[in-house]
Structure formats: C-alpha cells, structure tokens
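# Secondary and tertiary structure notes
Here is how the chains run, residue by residue.
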Amino acid sequence: MARVIPLTATQIKQAKAQSKDYKMSDGGGLYLLVTKAGGKHWKLKYRIDGKEKKLSLGAYPDITLQRARELRETNRKIIADGIDPAAKKQQKKIQTKQEFQRTKFTFKFLAEQLHEERLKSGDISEVHYNRIITAFKNDAYPVIGDKHISEVTTNNIKTIITTVADRGAVESAKKLYYAISKTFKTLITRDNPNNPETDYQITNQPAQLDLSDLVGNTKKKHYPTITDKAGIKNLLTSIKEYSGELSTKYALLLLAYTFVRPSNARLALWSEIDIKARQWVIPAKKMKTKDEFIVPLSDTVMDLIEEIRQYSSDSPYLFPSTKSKTTPLSDGALLGAVRRMGYTTEEFTPHGFRAMFSTIAHEKSPFGFEIIETQLAHSVGNSVSQAYNRAKYLNERHELMQWWSNYLDEIIN
C-alpha cells in the first residue's frame, strides 16, 4: 500500500471545488472531503467489530488541520478500547437533548409561554392572563413549577386543588384546575418529536379529576351590594370624604358611576378616554368578553375626569400607584379602602357596584333588558346578535348612563 503523504495547511486552503466531491487523505483514516459546492469537511474512517464506519469531525476552517489530527488520535484511542466513537457521539447528543428538555420544558416555562401567546393573540384578556399567572405562581408552581411537563402527575394536581379549596377558596380552586387542564390539553396537541421547540415528550396527561369530590358542590358566588337609597348615600359620602390616596378615592367614584369591573378601572389609561366623543373605549385584551367595549360618559363622569386630570395627567394611568406614576393602582387598594370605610366582606366590595346598578336599573329605569345587560358587558341574545358590533345600542346606552348618573347625584345631593 502506497504511503499517504500528510496534508499541509496550504494544500487545504487552496483546495478548490470540482465537478464532483473528492477526498484529500492525511493518513490514519483522516481525510478532508471537498464537496462540489465548495464545502470542506473532516472525516475519520475506521473499523470496529469488522465494519467500516465514518465519523464527522467538523468543517474547515473551524476545525484546523492540527485540530483534526488531535481528534483523530483521540478517537483512535477510543476505538482501541472497543468503543464506537460515532455511537458515543450520538449518545451524548441524545443526553444533551434530554437535559435541555428537562431544564427548559418545565410546567412553569411552558405555561407562561403558552399564556403569553394567548394574550398576544387576543385569545384571553389581560385581566384573565394576570389572574391565571398569579394563581399559578401562588399555588401551582410551588408543587409542579420546576417539574418537567411529562413528570406532572394526577396526585400533584390533587394536592394543588385541595390545598386551595381547604383554605376556603373553592371557586379559585376550580378555576385553577381548569387553567392547568387547559394548559395540558393545548401542549399535548402541539407535542411534536420532529420539532425540537415542541418535543415535550408528554407521554400522558394527568387524569381528569372529579372536582365535586375534591372541593364539594358550591353555589355561584354573588358579590354583596347595597341597593337602598340610604345605604347608597352613606357609601358615596364615605367615598367622597375618604382621606386616603386620591387615586383610590377617584377610582371608587368612577366605579360607582360606570360600574365597570374593578380591574378595568384600576388599569384605565388616558389614551382610552375620548373626551370629544364622551366615551371610554376599553380595548378587547382588557375585557373578559375579549371584545372592545365602550363606556359612554355622563356629565358627572366628565366633570370627574377633569378633576382626575389635575393630579394624574403626567401618568399614562388615570389612577397611578402611590409608589410610581408609571404603574397602576394595586389590586388590593380599592378593597382595602372599602374596608377602612367600615364595610365588611359580607356588606360590600368594589365589584358590588355592578350588582347595585343591575338591580336598580332593571327595577326602576325605563330601559330594556338588552340595553342594560349590554352596558354591563354581558352576552345578550344569540351568537349573531352578540357579535353585532361594539357600538350596539350606543345612543340608548348614553341615555342609560346619564340616567344612572342623575340617579346617584339625586341621592348624594
């Protein structure tokens, strides 16, 4: 057999592509494959268990001639011990992939990634997104947050749900279970072994649980409210005389006159207020219904907004946090203020303004069911009529909001 003359760095550098792939041997099984496309790849030819095999060592110039020779000697020692370097390389690749999946595809990572996508696509509102992630952080992550998605068991889920239910938060326990279940169902449909970004290796979903066994059967919660004139007058007077933070005081007044959900008031932006049209346009991502919503502004609310502008016009929020103008009022600020006014959980909560308006409007106003429920952002009618448009009954709703404003003004005055 003719002796192979070792390659030189100059030969390798000057090697040009030809009409076909060709090899440049360096000896000891090491050669450089020059492809017709111009690529240069180091290969090592060897025999193990009587079979000829090839091992890729990398591409030139990333792998220099000197480095290729070092790899040749390293792998020849491995081969001498009866170990197939190609098989070893493949096993290491598999282990690296498994380790990557174990550290990346945890329940926490995938749950947050999934719900951020749902938020951006408009599938869920910002309020819904914040509620899910907060519940996960408080109750799910401590148990399954760092577990690989395939290692989450039915017993893990039971532990989470029963822990929440045992502290009396039954409805929260149910919502948390549905959120976890929805997360698994979505991820299972995406699980794809041919795509490293969605190769979650979910072998099975935790079994469906009977919530009635875990948390018991409960009636739907109704928020406490006040509907008698004397009670409403005392409440509004307490708010107007509230000596705490202005943001909290004005947010409660806005809630009384617009009866939106408390989160919509807390997160209200000046960019959502259309003074000329006398409207507050709440974007779809902030709405539970996932549809843009218009709140007509009455005379009293317009005056109220001008008062609010005096102290918060330098903030993007109508009701900025007491700590920073760039963040909104905290979630507990409104409820805390109502408690300091002397109202217990059983007597009144900020959400109770919605029930106050609904009860009184249905009993005393001249407006029909559809108009009142539409202004409450409730679904009315069949799917076709529900999707009518964002300005449905808008003229009538302007009149309704003025009627409600006049009703409260008469009581307070």
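Refer to the structure above for everything that follows.
Notes on the structure follow. Small disclaimer: the values here were computed from a predicted structure and weren't measured. (Residues numbered from 1 in each chain as written. Predicted model: local features only at pLDDT ≥ 70, side-chain atom pairs only at ≥ 80, totals over all residues. Heavy atoms only, no water.)

## Details of the environment of leucine 334
- Counting through the fold element by element, leucine 334 comes out in helix H13 (residues 333-340).
- With relative accessibility at 2%, the residue leucine 334 sits in the buried group.
- Here the alpha-carbon distance between leucine 334 and arginine 266, two residues 68 residues apart in the chain, equals 8.6 Å.
- Beyond its immediate sequence surroundings of up to four residues, leucine 334 is in contact with Thr248, Ala251, Leu252, Leu255, Pro262, Arg266, Leu329 and Pro350. (Helix = DSSP H or I, 4+ residues; strand = E, 2+ residues; numbered from the N terminus. Buried < 20%, exposed > 50% of the residue type's maximum accessible area, 1.4 Å probe, protein only. Contact = heavy atoms within 4.5 Å.)

## Quick look at the sheet that holds strand E4 (residues 51-59)
- The strand order E1-E2-E3-E4 describes an open sheet built from four strands, whose pairing is antiparallel. On the outer flanks of this sheet lie strand E1 (22-27) and E4, each paired with one strand and no other. This sheet shows a mean twist of 30° between the axes of neighbouring strands, independent of strand direction.
- Looking at chain direction, strand E3 (residues 40-48) and E4 are connected through eight bridges and run antiparallel. The residue of E4 that forms the bridge with tyrosine 46 is lysine 53.
- The strands touched by helix H2 (residues 65-80) within the sheet are E1, strand E2 (30-34), E3 and E4, with E3 carrying the most contacts at an inclination of about 20°. (Pairing = 2+ DSSP bridges. Axes fitted to C-alpha atoms, helices over the stretch in contact; angles between N-to-C directions.)

## A short note on helix H7 (residues 170-190)
- When the terminal C-alpha atoms of H7 are compared, their 31 Å separation across 21 residues agrees well with the 30 Å that a helix rising 1.5 Å per residue should span.
- Listed in full, the buried residues belonging to H7 are Val170, Ala173, Lys174, Leu176, Tyr177, Ala179, Ile180, Ser181, Thr183, Phe184, Thr186 and Leu187. (Expected span 1.5 Å × (residues − 1).)

## Re the sheet that holds strand E5 (residues 273-274)
- Within the open sheet, the three strands sit side by side as E5-E6-E7. Their pairing is antiparallel. Of all the strands in the sheet, just E5 and strand E7 (293-296) have a single pairing partner and so form its edges.
- Pairing analysis gives two bridges linking E5 to strand E6 (residues 279-282), with the strands arranged antiparallel. Each bridged residue has a counterpart across the sheet, and for aspartate 274 the counterpart in E6 is glutamine 279.

## Digging into the packing of aromatic side chains
- For the structure shown, the criterion picks out 14 aromatic pairs.
- Where tryptophan 404 meets tyrosine 407, the ring centres are 5.7 Å apart and the plane angle is 10°; that geometry is what we call stacked. With tryptophan 404 and tyrosine 407 both in helix H17 (residues 394-412), this residue pair falls three residues apart, about one helical turn. Judged on exposure class, the residue tryptophan 404 and its partner tyrosine 407 are both buried.
- Following the ring pairs from residue to residue traces out a cluster consisting of Phe259, Phe357, Trp403, Trp404 and Tyr407.
- For the cation-ring pair, lysine 23 lies above tyrosine 31, with the distance from its terminal atom to the ring centre recorded as 4.9 Å. (Phe/Tyr/Trp six-rings, centres within 6.5 Å; stacked < 30°, edge-to-face > 60°. Lys NZ or Arg CZ within 6 Å of the ring centre and 35° of its normal.)

## A word on the pattern of salt bridges
- This structure, assessed with the given rule, holds eleven salt bridges.
- When the shortest N-O distance is used, the salt bridge between aspartate 26 and arginine 72 registers 3.1 Å. Note that aspartate 26 is positioned in strand E1 and arginine 72 in helix H2, a separation of 46 residues in sequence. For the pair formed by aspartate 26 and arginine 72, the shared burial category is buried.
- A salt bridge links glutamate 272 to lysine 286; its shortest N-O distance comes to 2.6 Å. On the criterion of sequence distance, the pair formed by glutamate 272 in the loop between helix H11 (262-266) and E5 and lysine 286 in the loop between E6 and E7 is long-range, its members being 14 residues apart.
- Note on lysine 286: relative accessible area 5%, which makes it buried.
- Three or more residues are tied together by salt bridges with common partners; here these are Asp26, Arg69, Arg72, Glu73 and Arg76. (Salt bridge = Lys/Arg side-chain N within 4 Å of Asp/Glu carboxyl O.)

## Focus on the packing of helix H4 (residues 107-121) against helix H5 (residues 126-145)
- Close contact between H4 and H5 brings their axes to 10 Å; oriented N to C, the two are set at 175°. The orientation of H4 relative to H5 falls into the category roughly antiparallel. Contacts from Phe107, Lys108, Ala111, Glu112, His115, Glu116, Arg118 and Leu119 in H4 reach Glu126, Tyr129, Ile132, Ile133, Phe136, Lys137, Ala140, Tyr141, Ile144 and Gly145 in H5.
- Grouping the constituent residues of the contact of H4 with H5 by class yields ten nonpolar, two polar and six charged. (Parallel < 35°, antiparallel > 145°, perpendicular 65-115°, else oblique. Nonpolar A, V, L, I, M, F, W, Y, C, P; charged D, E, K, R; others polar.)

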